[in-house]
Amino acid sequence: MTGVASLAPWLGGALLVSGVAVGVSRRSELIVRWCAWAVGVPVVTAAFWSGRPGVALLAGVVAVIAVLEFGALTRLPRADRAALATAVPGLIVAAAWAPDQVWRVGALGALALAAVPLVTGDAEQGLRRLGTSLLGLVWLGTLAALAPLGTVALALFAAVSVADVVAFFAGQRLGGPRLSPLSPAKRWSGTLCGAAAGLGVLALLSAWSWPAALAVAVGGPAGDLMESLIKRGAGAKDSARWLAGAGGLLDRIDSLVGALVIMVVLG
């Protein structure tokens with residue numbers, strides 16, 4: 001696996017090529033999305049360049065924002081959101097500096113999430129609140145893998161990002177059967193083309209491994225569908241409206257989170 005210094009030119013080149021393609025398309029929504037990536041890619045690369053503290057800080061900020069969007073989508077009360085926004089960063093800190101304590105920190109986080117509806121005595125919505133909070137802890141808690149994975153995580157970020165873009169365009173062009181009722185716009189043709197492109201990026205960046213390949217090809221689309229499931233339940237199109245051209249942060253990291261789940265499971 002190459003280092004961040006070796007990955008940076010590839011990421012910059014991909015950003016430049018995609019910018020030219022988006023400019024030629026003259027589609028305003030794509031131009032807005034590219035501008036967001038033009039800001040985000042250097043920030044992410046700089047965080048990985050600075051080492052484990054930078055990655056942990058980035059993961060913590062992303063986790064808090066993602067938790068707040070998740071809490072709003074699932075209508076969690078503020079106390080539950082605050083507990084979740086503390087538990088997930090706690091996992092990130094433990095994974096970065098005390099990996100042997102991750103399970104203990106996770107268990108403490110789960111107990112804290114359970115304590116909130118117990119203390120408030122919510123007999124009607126307590127079980128739903130607890131289940132939703134635990135889902136958020138398990139799902140978004142996989143962001144804790146970013147710091148230990150290091151440059152592999154940066155390569156995954158690049159691979160799933162390219163896979164998402166290729167899947168979007170290929171699905172529109174090729175059509176065919178829908179991937180899932182959860183996301184009617186997505187097609188199997190686009191998903192397969194996106195997976196092939198993502199695997200190509202892994203090979204290009206010398207980050208190929210069977211766990212990484214499964215993470216990109218299977219975990220990425222699964223993460224996207226997972227967020228679609230949550231948004232369907234909430235009756236929302238986007239996780240939020242603050243991020244230009246993308247809705248919310250969850251809409252941008254759902255595939256990465258799904259890929260990280262596979263990496264965590266497969267070690």
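Structure's up top.
Okay, so let's go over this structure.

About the cut-offs
- Residues numbered from 1 in each chain as written.
- Predicted model: local features only at pLDDT ≥ 70, side-chain atom pairs only at ≥ 80, totals over all residues.
- Heavy atoms only, no water.
- Helix = DSSP H or I, 4+ residues; strand = E, 2+ residues; numbered from the N terminus.
- Rg over C-alpha atoms; globule rule 2.2 N^0.38 Å.
- Buried < 20%, exposed > 50% of the residue type's maximum accessible area, 1.4 Å probe, protein only.
- Contact = heavy atoms within 4.5 Å.
- Patch = residues over 30% accessible without salt bridge, like charges linked within 9 Å, V, L, I, M, F, W, Y side chains within 5 Å.
- Areas by Shrake-Rupley, 256 points an atom, 1.4 Å probe, with all protein chains shown as cover.
- Salt bridge = Lys/Arg side-chain N within 4 Å of Asp/Glu carboxyl O.
- Polar contact = N/O pair within 3.5 Å; in protein donor to acceptor, adjacent residues only side chain to side chain.
- Pairing = 2+ DSSP bridges.

Glancing now at the overall build of the chain. Within the chain, the secondary structure is distributed over eleven helices and two strands. Taken over C-alpha atoms, the radius of gyration comes to 18 Å for the chain, in line with the 18 Å a tight globule of 267 residues would show. With the principal axes as the frame, the chain shows a C-alpha extent of 55 × 40 × 30 Å. When each of the 267 residues of the chain is scored for burial, the buried share is 45%. Sequence-distant contacts, at least 24 apart, represent 69% of the contacts inside the chain between residues at least 6 apart.

A separate point is a nonpolar patch on the surface. Taken together, the side chains of Leu214, Val218, Val265 and Leu266 make up a nonpolar region of the molecular surface, amounting to roughly 360 Å² of accessible area. At the level of secondary structure, the elements contributing two or more residues to the nonpolar patch comprise helix 10 (210-234) and helix 11 (249-266). When you line up the elements, Val218 lands in helix 10. Judged by its relative accessible area of 45%, Val218 falls in the partly exposed class.

We now examine the side chain of Arg129. With respect to the helices and strands, the residue Arg129 is situated in helix 6 (residues 126-140). Here the side chain of Arg129 touches Asp122 through a polar contact of 2.8 Å, side chain to side chain. Discounting residues that sit within four places of it in the chain, Arg129 has contacts with Leu76, Pro77, Asp80, Val116, Pro117, Thr120 and Asp122.

Here we come to the environment of Ala112. Counting through the fold element by element, Ala112 comes out in helix 5 (residues 102-120). A relative accessible area of 36% means that Ala112 is categorised as partly exposed. Between the C-alpha atoms of Ala112 and Arg75, which are 37 residues apart in sequence, the distance is 18 Å.

Attention shifts here to the side chain of Ser255. Here Ser255 shows up in helix 11. Looking at Ser255, the relative accessible area reads 1%, which means it is buried. Among the polar contacts made by the side chain of Ser255, one reaches the side chain of Asp164 at a distance of 3.1 Å. Those residues in contact with Ser255 that lie beyond four places of it in its chain are Val160, Asp164, Gly219, Gly220, Gly223 and Asp224.

The pairing of strand 1 (residues 178-180) with strand 2 (residues 183-187) spans two bridges and is antiparallel. Looking at strand 2, one finds that Ser180 is bridged to Ser183. Counting the residues in the hairpin turn of strand 1 and strand 2 gives two residues.

Our focus in this paragraph is the environment of Ala87. With respect to the element layout, Ala87 can be found in helix 4 (residues 78-97). A residue is classified by how much of its surface remains accessible, and Ala87, at 9% relative accessible area, is buried. Sequence separation between Ala87 and Ala112 is 25 residues; the distance between their C-alpha atoms is 7.9 Å.

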